[in-house]
Amino acid sequence: MTEQTPVTQAAATKVATLPDAQTVTSVQHWTDQLFSFRVTRPASLRFRSGEFVMIGLMGDPDPKTGKQKPLLRAYSIASPAWDDELEFYSIKVQDGPLTSRLQHIQPGDQIILRPKPVGTLVHDALLPGKRLWLFATGTGFAPFASLLREPETYEKFDQIIMTHTCRDVAELEYGRRLIAGLESDPLIGEMVDGKVVYYPTTTREQSPKMGRITTLLQDGTVFADLGLDGIAADTDRAMVCGSLGFNKDIKEILEGFGLEEGANSDPKHYVVEKAFVG
Ligand SMILES: Cc1cc2nc3c(=O)[nH]c(=O)nc-3n(C[C@H](O)[C@H](O)[C@H](O)COP(=O)(O)OP(=O)(O)OC[C@H]3O[C@@H](n4cnc5c(N)ncnc54)[C@H](O)[C@@H]3O)c2cc1C
């Protein structure tokens, strides 16, 4: 009993000094480079599905002052705005300052979450339309994991085409499972009602659909596969989340079809966000 007291006090101190602390409730590892986790949601946090926040851990103590600063990175919230908890879908960068440590979190651990959501992958930044294209590579799926579980997506669009390109099949699994569960979701299942078309592709490992989505759009494969004539500014809207190069290539393709880029203050036909910097 006497031995336990200092431990409890130390733990309490650690929690109290961590600013904006939230508690990890579950962790799932998908591959050696990808994992997802859920944390408690601050009661005051309001966000729009598709937005991102800054999350992180305390950094190492400064060798001179001994003081610790928070080590924060931008993360898309992968859960929808109505969820009681917050979900994140993360890369594990081997020498990454944050994710080399974040990948080891366990239920009960604390992370830092700055409750200031922002972002352009939101319904408010798009004009009304009939078909919504969601283009993602890698962890760029995260904001769409939120939007695919958001009722507004199904209220506003007749069809949602989710394209996700990764190198290997296992990297698609988080998205594949999420989409497979949409129609049986007690909250949004009825609204989903066959509206989601899932178009996964791989660039390295053999799979039913190989190739970069940019190539498959340019050579018309996507349209032939889905029985569509193309993309049109009067009916089609798009959201894009991938590397800088991917975003640039998709932008060019969309603009070739006559779509214009929108923003929160100026809704138009498509919106783009980086999945990471570098
Ligand atoms: C708006 C925005 C939203 C983001 N949302 C997410 C998210 O939902 N999930 C997520 O895992 N990351 C996301 N990121 C990236 C995230 O902010 C960090 O870069 C990532 O967690 C790695 O942190 P780190 O400190 O370990 O390495 P960093 O020093 O940040 O990155 C090291 C290098 O790793 C590569 N890298 C970083 N992140 C990724 C990634 N996601 N996929 C592939 N390569 C990457 C880059 O080449 C980068 O230069 C987002 C970034 C931005 C700008």
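Taking an unreviewed UniProt entry as the reference, the protein is identified by name as ferredoxin--NADP(+) reductase belonging to Sulfitobacter sabulilitoris. On record in UniProt, under Catalytic activity (unreviewed entry), the comment for the protein is "2 reduced [2Fe-2S]-[ferredoxin] + NADP(+) + H(+) = 2 oxidized [2Fe-2S]-[ferredoxin] + NADPH". Per UniProt, the comment on the protein under Sequence similarities (unreviewed entry) is "Belongs to the ferredoxin--NADP reductase type 1 family."

## Some details on the domain arrangement of the protein
Structurally, the protein comprises domain 1 (4-117) and domain 2 (123-274). Distance between the C-alpha centres of domain 1 and domain 2: 28 Å. Contacts between domain 1 and domain 2 engage 22 residues on the former and 21 residues on the latter. When domain 1 packs against domain 2, close to 1,800 Å² is buried across both sides, 58% of that on carbon and sulfur atoms. Among the residues of domain 1 in contact with domain 2, Trp30, Trp82 and Tyr89 are the three that bury the most area, contributing 36% of the side total. If you look at where domain 1 meets domain 2, you find two salt bridges.

## Looking at unusual backbone geometry
Phi angles above zero are rare outside glycine, and Asp193 is one such case at about 30°. Mapped onto the elements of the fold, Asp193 is located in the loop between helix 6 (189-192) and strand 9 (196-202). With a relative accessible area of 58%, Asp193 lands in the exposed category.

## Considerations on the sheet that holds strand 8 (residues 159-166)
With respect to topology, five strands assemble into an open sheet ordered 9-8-7-10-11, the strand pairing being parallel. In this open sheet, the two strands that pair with only one neighbour each are strand 9 and strand 11 (270-274). With strand direction ignored, the average angle separating the axes of adjacent strands in the sheet is 10°. Pairing of strand 8 with strand 9, which is carried by seven bridges, proceeds in the parallel orientation. The residue of strand 9 that forms the bridge with Ile161 is Val197. Set on the sheet, helix 9 (residues 244-256) makes contact with strand 7 (131-137), strand 10 (236-242) and strand 11; between it and strand 10 the angle comes to about 165°.

## Quick word on helix 9
With 13 residues, helix 9 should reach 18 Å at 1.5 Å per residue; the first-to-last C-alpha distance of 18 Å fits that figure. Looking at helix 9, one finds that the buried residues are Phe246, Asn247, Ile250, Ile253 and Leu254. Axial view of helix 9: buried residues confined to an arc of 130°, hence all on one face. Within helix 9, the exposed residues directed more than 90 degrees away from the buried face are Glu252 and Gly256. Each element contacted by the buried residues of helix 9 is listed here: strand 7, helix 7 (213-218), strand 10 and strand 11. A positive phi of about 90° marks Gly258, the residue just after helix 9.

Quick notes on the rules
- Residues numbered from 1 in each chain as written.
- Predicted model: local features only at pLDDT ≥ 70, side-chain atom pairs only at ≥ 80, totals over all residues.
- Heavy atoms only, no water.
- UniProt positions renumbered as here; feature names shortened; annotations may be inferred.
- Domains from an automatic or database assignment.
- Contact = heavy atoms within 4.5 Å.
- Buried area = accessible area lost by both parts, 1.4 Å probe.
- Salt bridge = Lys/Arg side-chain N within 4 Å of Asp/Glu carboxyl O.
- Helix = DSSP H or I, 4+ residues; strand = E, 2+ residues; numbered from the N terminus.
- Buried < 20%, exposed > 50% of the residue type's maximum accessible area, 1.4 Å probe, protein only.
- Pairing = 2+ DSSP bridges.
- Axes fitted to C-alpha atoms, helices over the stretch in contact; angles between N-to-C directions.
- Expected span 1.5 Å × (residues − 1).
- Arc of directions from axis to C-beta.

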